[in-house]
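# Geometric and topological summary
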Amino acid sequence: MARAAGLRRLLGRPFVRVAAGLGLALAAAAATVTASLAGPTPPPPPPGASVRPVDPADDGVLDLAGSGTNLPGIRRLARRFAAETGIPVRVHASVGSSGGVAALLDGVIDLALASRPLRGGERAAGLRAVAYAVTPVVVAVHTDVPARSLDAAGLAALLDGSRPTWSDGTPVVFVLREPGDSSVAVMTRAHPELARAIERARARGLHRVAVHDADVWPILESMPGAAAIVAEGDLGRHPDVRAVPFEGHRPTVAAVATGRYPYRKRLFVVLPPRPTPAARRFAAYVTTPTARAVLREEGYAPPIPARPPTAP
Amino acid sequence: MTAPGAPEPPPVSVRTRIASRLAPALALAVAMVTLAPPAVYFAVRVAGIRARARQVAARTAAVLGKEARIRPRLWRYDTPKILASLEHTRAFEPAMAVQILDRTGRRLARVEPAGAAAEPGGPRVWARAQAAQKVSVWVALPAGGAVVEALWALAGAGALGLCIGWWIRRTALAEAVRADADLAEAFDHARAAHDELAALAADLEQTVARRSAALRAALDDARAKDARLRELSAKATAAVEKQRRSIARELHDGVGQTLTAIRLRLEVLAATAGTEAKAAIASLVSLCDEAIAETRRAVDRLRPPVLDDVGLPRALERLCADHGHATGVTCTLAVAPAAAARLHDAPAASHAIYRIVQEGLHNAVRHGAARRIDVRVTLDDTAPGGGAVVVTIEDDGRGFDPEAVELRGLAFMQERAELLGGALTIARPPAGGARLRVVLPAGERSAPAGEDPDAPRRDPS
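Residues numbered from 1 in each chain as written. Chains lettered and ligands numbered in written order. Predicted model: local features only at pLDDT ≥ 70, side-chain atom pairs only at ≥ 80, totals over all residues. Heavy atoms only, no water.

Residues and elements named next belong to chain B. With respect to topology, four strands assemble into an open sheet ordered 2-1-4-3, the strand pairing being antiparallel. Two strands lie at the open edges of the sheet, namely strand 2 (107-111) and strand 3 (124-130), each paired on one side alone. Put simply, the sheet's adjacent strands are angled 15 degrees from each other on average, direction ignored. In this structure, strand 3 lies alongside strand 4 (residues 136-142), joined through seven bridges in antiparallel fashion. Residue pairing in the sheet places Gln130 in a bridge with Ser136 of strand 4. Along the sheet face, helix 1 (residues 14-70) touches strand 1 (97-101), strand 3 and strand 4 and points at about 35 degrees away from the line of strand 3. (Pairing = 2+ DSSP bridges. Helix = DSSP H or I, 4+ residues; strand = E, 2+ residues; numbered from the N terminus. Axes fitted to C-alpha atoms, helices over the stretch in contact; angles between N-to-C directions. Contact = heavy atoms within 4.5 Å.)

Spelled out as structure tokens, the structure:
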């Protein structure tokens, strides 16, 4: 009773009531802010994250995966290799050069297909790249596009939207790949203004973005006014798409092989630190004359020494 | 409570009291106005940010699902590219952070805002979407902008709250002071009115006391006059009754005896007279008989001799018996002994009761066509003034309305009763007939009215 009476006396004081009111209001506001911010957050990485996430298919099949630029030629080589050696080969859909290398490091596949040289860390991990072909990087357009040739300034104008239509009035629809794409990198290394134009285009959200080359081709085929920077590897299978001469150079296998067409990228087969015999055999096979002949038919040139492309 | 001898605390003004009482509510109101809008704004903004993040997460999860269908085993190695491509779509925001985690929690891909978009240390709002193969996509957007905006809103709302609080306090205090002044004025008016009423009440009490005393005096005077009037009336009635009895006695004892003696002498004279003289004497005897009869009727009208001969009870018995014999009506009589004893020495009352019963019997037969009449004489000891004699005459006739029928007999009965200080009432019982009720005072005050101590007693025999 005495305690209750003391509490009542305490609550009866104006200062205490003011403090209680302010405290209540502050508590309500704090509860509102806390409740609005509350929510699940990503869990921290579990210990032992290096455990292989995907079990390799231990079925005696040689698994290959990597950059999509390699796939048209490699698929044909794989069939031929399987026919000649009896070793079945499975070529997975494109996961990109980095994806293939990562899968190889995880031991999920036997060989990776890269359209760029290995990076320092990858080499340090014991990977070894075997260059087996060169393919031109081209500006591909829908066949209805009236442009007969392009230069770097014109291409930059197409990319950053300063030239929104072709000469016949058709709107320019440029299909970009994600940043870091090796084909675009070939062009931007030779012409830095293209990199700036692409940066402006990305900032403005001007163009569509495709994840794989395989996603680019349908757009180029189906949409008049479409254009893209792609490796030429699969161009022959798409009759409604053509390559536009760039900076006065016509992208042909011969021009690439002789080095006259500077916009090219080398293709590699990447071996793990301890490759399987089948993987080792396939890596050796892709550099054989038989394989090069097949690759030439697919639009690939034989590998040439690495040389950074420069503006002509 | 102030301790005895301690100085009285200074009076607290209404303004101070109201301000003190108002302070907690004002503080709460200002705090609510200050805190509620920014808090709500922040909550809404964060909800919007979370919705945007959830939208991007869902879209990313959908793309991953498509990739998983195309590359069932190796799609996870493609997630950095997918994320990089999404990073440059319109839905993606530079400040966005994305993590793609597989079912074990291993991070498949990650995007962190860089450059100007990065907000180190600021709060983030995460949203999650589930992709194929139990892969989860987490997208975060910074809420630092919302915090800054909420702080600005807090500053604005705080200023607004202080202004509102100041205005409420100022208005409330002004109104309170004004109301206090009005109350003080009203209190002064009420006090003046109260004083005026108190003076009026005192004056009124004195007036009422004076008037009451005057009324009491007037009432006492009226009562004294009434008593005196009753006394005089009783004395007058007694005197009248005494006179009547005296005249009746003179007529009976004087004139009547003389006429009787003359008649006897005439009869003696006739025995010795001749024929002619006998005829004359017979004529004189006849005249004497008529004179004797007339004298008797006069004596009876003045006061029935039977009252003095046999007393009231027996006189009433004879009256009832004679009336029943003459009219064929059944008459019953009941006289209470106490009533008879009280009326024994009250000749005026006895005479009045006799006449009233006589008139009542006559009226019952003549106006009510009664076949049975009950007469009761009782004594009511509880009546004020020493009791009362109650005479009730009740019949089974058709009754009558005393207001509608003008009866001289009734007036006489009422007059006789009132002369003795009594009263007469007529009622119609539910069973039918009529009921006359006469109440005559039988106490000490009424005794003189009917008593005649000087009256000579007649020998009933």
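Turning our eyes to something else, we now look at the packing of aromatic side chains. Here the structure, examined in full by the defined rule, presents five aromatic pairs over all chains. Taking 5.4 Å as the distance between ring centres and 55 degrees as the angle between the ring planes, the aromatic pair formed by Phe81 of chain A and Tyr285 of chain A counts as tilted. Remark: Tyr285 of chain A occurs in helix 11 (residues 277-285) and Phe81 of chain A occurs in helix 3 (residues 71-85); sequence separation between them is 204 residues. We classify Phe81 of chain A as buried; its relative accessible area is 1%. Here Trp126 of chain B and Trp138 of chain B contribute two aromatic rings whose centre-to-centre distance is 6.4 Å and whose plane-to-plane angle is 75 degrees, an arrangement assigned as edge-to-face. You can see Trp126 of chain B sitting in strand 3 and its partner Trp138 of chain B sitting in strand 4, a full 12 residues away along the chain. Judged by its relative accessible area of 10%, Trp126 of chain B falls in the buried class. (Phe/Tyr/Trp six-rings, centres within 6.5 Å; stacked < 30°, edge-to-face > 60°. Buried < 20%, exposed > 50% of the residue type's maximum accessible area, 1.4 Å probe, protein only.)

A few words on the pattern of salt bridges. All names here are of chain A. For the structure shown, the criterion picks out 25 salt bridges over all chains. Among the ionic pairs, Glu297 bridges to Arg76, the shortest N-O distance being 2.4 Å. Of this pair, Glu297 sits in helix 12 (residues 289-297) while Arg76 is found in helix 3, placing the two residues 221 residues apart along the sequence. The class of Arg76 is partly exposed, set by a relative accessible area of 25%. (Salt bridge = Lys/Arg side-chain N within 4 Å of Asp/Glu carboxyl O.)

Residue and element names in this part refer to chain A. Buried residues dominate helix 7 (residues 182-190), accounting for seven of its nine residues. Buried within helix 7 are the following residues: Ser182, Ser183, Val184, Val186, Met187, Thr188 and Ala190. Its buried side turned inward, helix 7 meets strand 4 (128-142), helix 8 (192-204), strand 7 (226-231) and strand 9 (264-271).

With that settled, consider the interface of chain A and chain B. Taken together, the contact pairs 49 residues of chain A with 40 residues of chain B. The largest share of the area that chain A buries against chain B comes from Leu37, Pro42 and Val95 of chain A, three residues that together contribute 14% of it. Taken together, the links from chain A to chain B amount to one salt bridge. Inspection of the region where chain A meets chain B yields four residue pairs in polar contact (both at pLDDT 80 or more). Elements supplying a minimum of two residues to the side of chain A that touches chain B: helix 2 (14-37), strand 1 (62-66) and helix 4 (96-105) of chain A. No other element matches the 12 residues that helix 2 of chain A contributes to the side of chain A that touches chain B. Counted by class, the side of chain A that touches chain B contains 30 nonpolar, 12 polar and seven charged residues. (Buried area = accessible area lost by both parts, 1.4 Å probe. Polar contact = N/O pair within 3.5 Å; in protein donor to acceptor, adjacent residues only side chain to side chain. Nonpolar A, V, L, I, M, F, W, Y, C, P; charged D, E, K, R; others polar.)

A few words on a nonpolar patch on the surface. A cluster of nonpolar side chains, Leu160, Ile164, Trp166, Trp167 and Ile168 of chain B, forms an exposed patch at the surface whose accessible area comes to about 520 Å². Looking at where Trp167 of chain B falls in the secondary structure, it is placed in helix 3 (residues 144-272). (Patch = residues over 30% accessible without salt bridge, like charges linked within 9 Å, V, L, I, M, F, W, Y side chains within 5 Å. Areas by Shrake-Rupley, 256 points an atom, 1.4 Å probe, with all protein chains shown as cover.)

Another aspect to go through is the nonpolar core. Note on soluble globular proteins: their nonpolar side chains tend to be buried together. Judged by nonpolar contacts, the single largest core of 48 residues is most densely connected at Leu155, Phe174, Met187 and Phe246 of chain A. If you tally residues by element for this core, the top one is strand 4 of chain A, at six residues. For Phe246 of chain A, the residues in contact, after removing those within four places along its chain, are Val139, Leu150, Asp151, Ala152, Leu155, Met187, His191, Leu194 and Tyr263 of chain A. Membership of the second largest hydrophobic core comes to 40 residues, among which are Leu312, Leu319, Met413 and Ala442 of chain B. (Core = buried A, V, L, I, M, F, W, Y, C linked by side-chain atoms within 4.5 Å.)

What follows deals with the packing of helix 3 of chain A against helix 11 of chain A. Residue and element names in this part refer to chain A. Axis separation between helix 3 and helix 11 bottoms out at 11 Å; the angle between their running directions is 120 degrees. Here helix 3 lies oblique to helix 11, going by the angle between them. Seen from above, helix 3 lies across helix 11 with right-handed handedness. Facing Ile74, Leu77, Ala78, Arg80, Phe81, Glu84 and Thr85 of helix 3, the residues of helix 11 in contact are Ala278, Arg281, Phe282 and Tyr285. Across the contact of helix 3 with helix 11, the residue classes tally to seven nonpolar, one polar and three charged. (Parallel < 35°, antiparallel > 145°, perpendicular 65-115°, else oblique. Left-handed = near helix turned anticlockwise from the far one by under 90°.)

Okay, the pairing of strand 1 of chain B next. Residue and element names in this part refer to chain B. Counting buried positions over the five residues of strand 1 gives five, a clear majority of the element. Side-chain alternation along strand 1 places Ala97, Gln99 and Leu101 on one buried face and Val98 and Ile100 on a second face that is also buried. Summarising the sheet, strand 1 and strand 4 pair through five bridges and their orientation is antiparallel. In the sheet register, Leu101 faces strand 4, and the bridge partner there is Ser136. In this structure, strand 1 lies alongside strand 2, joined through four bridges in antiparallel fashion. Within the sheet, the bridge partner assigned to Ile100 lies in strand 2 and is Ala109. Hairpin geometry of strand 1 and strand 2 is characterised by an intervening segment of five residues between the two adjacent antiparallel strands and by a positive phi of about 95 degrees at Gly105.

Quick look at empty space enclosed by the protein now. By rolling a water-sized probe across the atoms, one finds the places where empty space is left. Residues and elements named next belong to chain B. In this structure the tally under the stated criterion is four cavities of 30 Å³ or more. Quantified by volume, the second largest cavity comes out at close to 50 Å³. As for the second largest cavity, its lining consists of Gly360, Asn363, Ala364, Ile393, Asp395, Phe400, Ala434 and Leu436. Within the residue set of the lining of the second largest cavity, elements represented by two or more residues are helix 8 (347-366), strand 7 (388-395) and strand 9 (434-441). At three residues, the largest contribution of residues to the lining of the second largest cavity is made by helix 8. Looking at side-chain class alone, the lining of the second largest cavity contains five nonpolar, two polar and one charged residues. (1 Å grid on protein atoms, 1.4 Å probe; cavity = no way out; pocket = protein on both sides within 12 Å on 5 of 7 lines; lining within 4 Å. Points joined across faces, edges and corners; volume = space filled by probe spheres on them.)

For the rest of this paragraph, the subject is the environment of Pro313 of chain B. All names here are of chain B. Relative to the assigned elements, Pro313 resides in helix 6 (residues 312-327). Considered as a pair, Pro313 and Tyr354 are 41 residues apart in the sequence and their alpha carbons are 9.3 Å apart. Every residue in contact with Pro313, bar those within four places of it in the chain, is listed here: Leu333, Val335 and Ala340.

All names here are of chain B. Of all residues in chain B, 90% attain a pLDDT of 70 or more, and the chain-wide mean is 83. Per-element confidence in chain B ranges from a low mean pLDDT of 43 for helix 10 (residues 447-450) to a high of 94 for strand 5 (residues 330-335). Confidence drops under pLDDT 50 across residues 444-461; counting only partners more than four residues distant or on other chains, this segment forms 37 contacts. Confidence metrics for the complex model read pTM 0.53 and ipTM 0.76. (pLDDT = per-residue confidence, 0-100.)

A few words on the environment of Val270 of chain A. Residue and element names in this part refer to chain A. By secondary structure assignment, the location of Val270 is in strand 9. The spacing of Val270 and Gly100 is 170 residues in sequence and 8.8 Å in space, taken between C-alpha atoms. Not counting residues within four places of it along the chain, the set of residues in contact with Val270 comprises Leu104, Leu111, Ala112, Ala114, Leu118, Leu127, Arg128 and Ala129.

To continue, consider the sheet that holds strand 8 (residues 423-427) of chain B. Residue and element names in this part refer to chain B. With mixed pairing, the five strands of this open sheet are ordered in space as 5-6-7-9-8. A strand with exactly one partner marks an edge of an open sheet, and here the two such strands are strand 5 and strand 8. Direction aside, neighbouring strands of the sheet carry axes that sit 10 degrees apart on average. Contacts between helix 8 and the sheet are confined to strand 5, strand 6 (372-380), strand 7 and strand 9, with strand 7 contributing the most and set at about 15 degrees to the helix.

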